[in-house]
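Topology and contacts: notes
Spelled out from the first residue to the last, the chains are:
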Number of protein chains: 2
Amino acid sequence: MAATPDLQPTALLALDWGTSSLRGARIDATGRVMDERAFPRGILTVPAGGFAEVFDTCFGDWAREGAQACLISGMAGSKQGWVEAPYCACPAGFADVAAELRWVQDARLHLPTAIVPGLSCEHRSALPGLAGVPDVMRGEEVQILGAMHLGGWRDGLCILPGTHSKWAWIRDGRVTTFRSYMTGEFYALLSQQSLLARTIDTQAAFDADAFGLGLARTGQGGGLLHNAFSARTLSLFARMDAGPLASYLSGLVIGEELRAQDVQAAARVTVIGSPSLTARYALAFDRLGIPTHRMGAEASWAGLHALSHHLPHRTPSP
Amino acid sequence: MAATPDLQPTALLALDWGTSSLRGARIDATGRVMDERAFPRGILTVPAGGFAEVFDTCFGDWAREGAQACLISGMAGSKQGWVEAPYCACPAGFADVAAELRWVQDARLHLPTAIVPGLSCEHRSALPGLAGVPDVMRGEEVQILGAMHLGGWRDGLCILPGTHSKWAWIRDGRVTTFRSYMTGEFYALLSQQSLLARTIDTQAAFDADAFGLGLARTGQGGGLLHNAFSARTLSLFARMDAGPLASYLSGLVIGEELRAQDVQAAARVTVIGSPSLTARYALAFDRLGIPTHRMGAEASWAGLHALSHHLPHRTPSP
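The sections below set out a description of the structure shown in this document. (Residues numbered from 1 in each chain as written. Chains lettered and ligands numbered in written order. Predicted model: local features only at pLDDT ≥ 70, side-chain atom pairs only at ≥ 80, totals over all residues.)

A short note on the overall build of chain A
Rule in force here: A run of H or I in DSSP counts as a helix once it spans at least four residues, and a run of E counts as a strand once it spans at least two, with each numbered from the N terminus. Burial is judged by counting other C-beta atoms within 10 Å of a residue's own C-beta: 20 or more means buried, 12 or fewer means exposed, and anything between counts as partly exposed, with every C-beta placed from the backbone. This entry defines residue contacts through backbone-placed C-beta atoms, with two residues in contact when those atoms are within 7 Å.
Along chain A, the regular secondary structure elements total nine helices and 14 strands. Along the three orthogonal principal directions, the C-alpha set of chain A runs to about 65 × 40 × 40 Å. When burial is assessed residue by residue, chain A has 50% of its 318 residues classed as buried. Contacts in chain A between residues at least 24 apart in sequence constitute 66% of all its contacts with a sequence separation of at least 6.

A few points about the packing of helix α4 (residues 183–192) of chain B against helix α7 (residues 242–259) of chain B
All names here are of chain B. Quick reminder of the rule: Whenever a helix is involved, its axis is fitted only over the stretch in contact; in every case the axis is a line through C-alpha atoms, and angles between N-to-C directions fall within 0 to 180 degrees. Roughly parallel covers angles under 35 degrees, roughly antiparallel covers those over 145, roughly perpendicular covers 65 to 115, and oblique covers all other angles. Helix crossings get a hand from a simple test, with the near helix turned counterclockwise from the far one by less than a right angle marking a left-handed crossing and a clockwise turn marking a right-handed one. Under this grouping Gly is polar, as are all residues other than the nonpolar Ala, Val, Leu, Ile, Met, Phe, Trp, Tyr, Cys and Pro and the charged Asp, Glu, Lys and Arg.
Between α4 and α7, the shortest axis-to-axis distance is 10 Å and the interhelical angle comes to 150°. By the angle class used here, α4 and α7 are roughly antiparallel. The crossing of α4 and α7 is right-handed. Here α4 contributes T183, F186, Y187, L190 and S191 to the contact with α7, which in turn contributes A246, L249, S250, V253, I254 and E257. Tallied by class, residues from the contact of α4 with α7 come to seven nonpolar, three polar and one charged.

Describing the sheet that holds strand β9 (residues 130–137) of chain B
Residues and elements named next belong to chain B. Cut-off, in case you're wondering: Any two strands are treated as partners once DSSP identifies two or more bridges connecting them.
Taking strand neighbours across the sheet as the criterion, the three strands line up as β5-β8-β9 in an open arrangement whose pairing is mixed. A strand with exactly one partner marks an edge of an open sheet, and here the two such strands are β5 (88–89) and β9. Relative to β9, strand β8 (residues 119–127) runs antiparallel, the two being bridged by seven bridges. Counted as the bridge partner of S120 is V136 from β9.

Examining the relation of the copies chain A and chain B
Going by this rule: Here the copies were fitted onto each other by least squares, based on C-alpha atoms from residues at pLDDT of at least 70 in both.
For these two chains of identical sequence, chain A goes onto chain B by a turn of 180° and a shift of 0.1 Å along the axis, with RMSD 0.1 Å. Within this description, the copies of the chain are treated as partners about a two-fold rotation axis. Scanning chain A for the C-alpha nearest the rotation axis identifies L189 of chain A, at a separation of 3.4 Å. Residue by residue, 100% of the interface of chain A is reproduced at the interface of chain B, so both copies engage with the same surface.

Quick look at the interface of chain A and chain B
Contacts between the two partners involve 41 residues from chain A and, on the opposite side, 41 residues from chain B. The element contributing the most residues to the side of chain A that touches chain B is helix α6 (residues 224–236) of chain A, with nine residues. Broken down by class, the residue content of the side of chain A that touches chain B amounts to 20 nonpolar, 13 polar and eight charged.

Some words on the environment of A267 of chain B
Within the secondary structure, A267 of chain B is located in the loop between α7 and β13 (269–272). On a C-alpha basis, the gap between A267 of chain B and R124 of chain B in space is 24 Å, while along the polypeptide they are 143 residues apart.

Structural notes on the sheet that holds strand β13 (residues 269–272) of chain A
All names here are of chain A. Taken in spatial order, the five strands of this open sheet run β12-β11-β10-β13-β14, and their pairing is mixed. Since the sheet does not close on itself, it has two edges, and those belong to β12 (174–181) and β14 (292–295), each with one partner. Between one strand axis and the next, the sheet turns through 20° on average, direction left out of account. The pairing of strand β11 (residues 165–171) with β12 spans seven bridges and is classified as antiparallel.

A word on helix α8 (residues 275–287) of chain B
All names here are of chain B. We apply this condition: By this rule the span expected of a helix is its residue count minus one, scaled by 1.5 Å. Taking the helix axis as origin, the arc is that swept by the directions to the C-beta atoms.
Here α8 is 13 residues long and its end C-alpha atoms lie 19 Å apart, about the 18 Å a rise of 1.5 Å per residue gives. Every buried residue of α8 is listed here: L277, T278, R280, Y281 and A284. Projected onto a plane normal to the axis of α8, the buried residues spread over an arc of 155° and lie on a single side. The exposed set on the far side of α8, more than 90 degrees from its buried face, consists of P275, S276 and D286. Turning to α8, the residues buried within the fold contact β10 (156–160), α5 (208–219), α7, β13 and β14 (292–295). One or two positions beyond α8, positive phi appears at G289, with a value near 75°.

Details of the nonpolar core
Note the threshold: What we call a nonpolar core is a set of buried Ala, Val, Leu, Ile, Met, Phe, Trp, Tyr and Cys residues whose membership is set by joining through C-beta atoms within 7 Å.
Formed by 192 residues in total, the largest nonpolar core has its most connected members in L13, L71 and L249 of chain A together with L13, L71 and L249 of chain B. Ignoring any residue separated from it by four or fewer positions in sequence, one finds L71 of chain B in contact with L12, A14, A114, V116, L304, L307 and S308 of chain B.

Some details on the environment of A114 of chain A
Residues and elements named next belong to chain A. Locating A114 in the fold gives a position in strand β7 (residues 113–115). As a C-alpha pair, A114 and S73 span 41 residues in sequence and 8.8 Å in three-dimensional space. Beyond its immediate chain neighbours, meaning those up to four positions away, A114 contacts A69, L71, L101, R102, W103 and V104.

Here we look at α6 of chain A
Residues and elements named next belong to chain A. With 13 residues, α6 extends 19 Å from end C-alpha to end C-alpha; this agrees with the ideal 18 Å at 1.5 Å per step. α6 sits mainly inside the fold: 10 of its 13 residues count as buried. Residues of α6 that are buried include every one of L224, L225, H226, N227, A228, F229, S230, A231, R232 and L234, and no others. Among the residues trailing α6, A238 stands out with phi positive, at a value near 55°.

Dropping the structure here:
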């Protein structure tokens, strides 16, 4: 915790630059979020060499208003992003991540701007020809750090549901290992692109009973490949309507994600994400008798703010 | 086995009318396939009321050449098909299926023509609000009957890989229960529509080693939602190329299908489908030390031919 008060920003510009969206917040020295903005300018929409310009268009006014640094998490640090920030290997905490920041060198910038690296870990497989399988995250590591900072804990399990959900185990303030699950993408593919799409209404209101049935069905085994087909036959035999079927399918995929884990072993469980999604995970954990803490976008800002206290003594001038 | 020699067809017209394709064969009294034809005229391409016309266009010449009956299996018996043939409930064998044939009433037909029903079964779940989950097949039941007939067995396990793979358990000549797996559809969605599509070459030659790694990876647990993501990270870390990755992903999904079953308990295992697909399943079973029998399109024709020996005493005139 080598805090450097003289160089700490009086206001931090915090950005979460993902694949499809760009969010930013202006944060004061105490960590309070003063403003937030979101743009549909994910890295996929930014042409090569165009990041500084998009940054200036979206946040140039804030950058000129006295913020001492800008920290950017997410896919902006990927190969297709602004500046590649190689993955920081687990175990990793504040200091490890801060040590791997990549400062953006661009004369057009009005403040020191750094990209936060993602995390990587290795799942050993002991298979001949496949000694290990890597796993990666970008952006979630900052949310995890933020959850730790806000919650004042250093040991637990963080779950970040989404297109590619992450399960991260934290010990003594560092992420020791994590696993990705393509849960959100599977749900989108199944409900919108598969045979099931014809009889599922993804716009229907959430149905907790049907969601619970999906969870319970998963708990009986059979596997997702088989259970997903039940969404077809329940419709074919008019046993479930298109609305509840969406929630049932959601229960099947989230249940499958939980089933792959030894969730009983987790100490403190924090679920970070959108309110609607974290509510579903809380329900699923509830059925297992495991209490959860829920957190939203504030985790990103808290993480970037806390990380700014770990900046190296001298930030480069822009 | 109430065979009725006087009414048995000297030549059977056998059709497998599926969702996307229409196949037919002319079969002599001994069961020998004399001719085969295939058309891209699956039921999705047939307008309402247009089945008789498509039938006549594709097989009218055969229908006029003295065949005594025509049996049609597959989606032609679905709600969206020619004549709905409600599912025959398991347990079901030759006699049960024959008793549920639906004869097509159409003055334009030149021979007695019947639709073979699919099979249904019920997976009891004992969940409040979901006492059971139905399962269905259409077309595969005829292949199973054909495999029994050709192989001369009455007890075993039949696997029919495909878009929606079927696992059917047969006892004393009747399908007692079966399970569907959306394996083929998952593979297509993942390899063509998901994030993985960018780094997977589905046109590459089959790579047995990579396929084996996928199978082995599945055997280590983690679940498909997690393991599928490894196809992404192995590419990201340049540990596997786009070609082998397609076979690896194939191993992951087929391995997941096998993992959901107690395959060791199976007596005789018959895999019915295309040569390339049944070869993969044979490889997967090989690794478990379980021998398999493989069978192709001949199973459909043998099944429809054998079924024609179970026709009711009097077939309606066309």
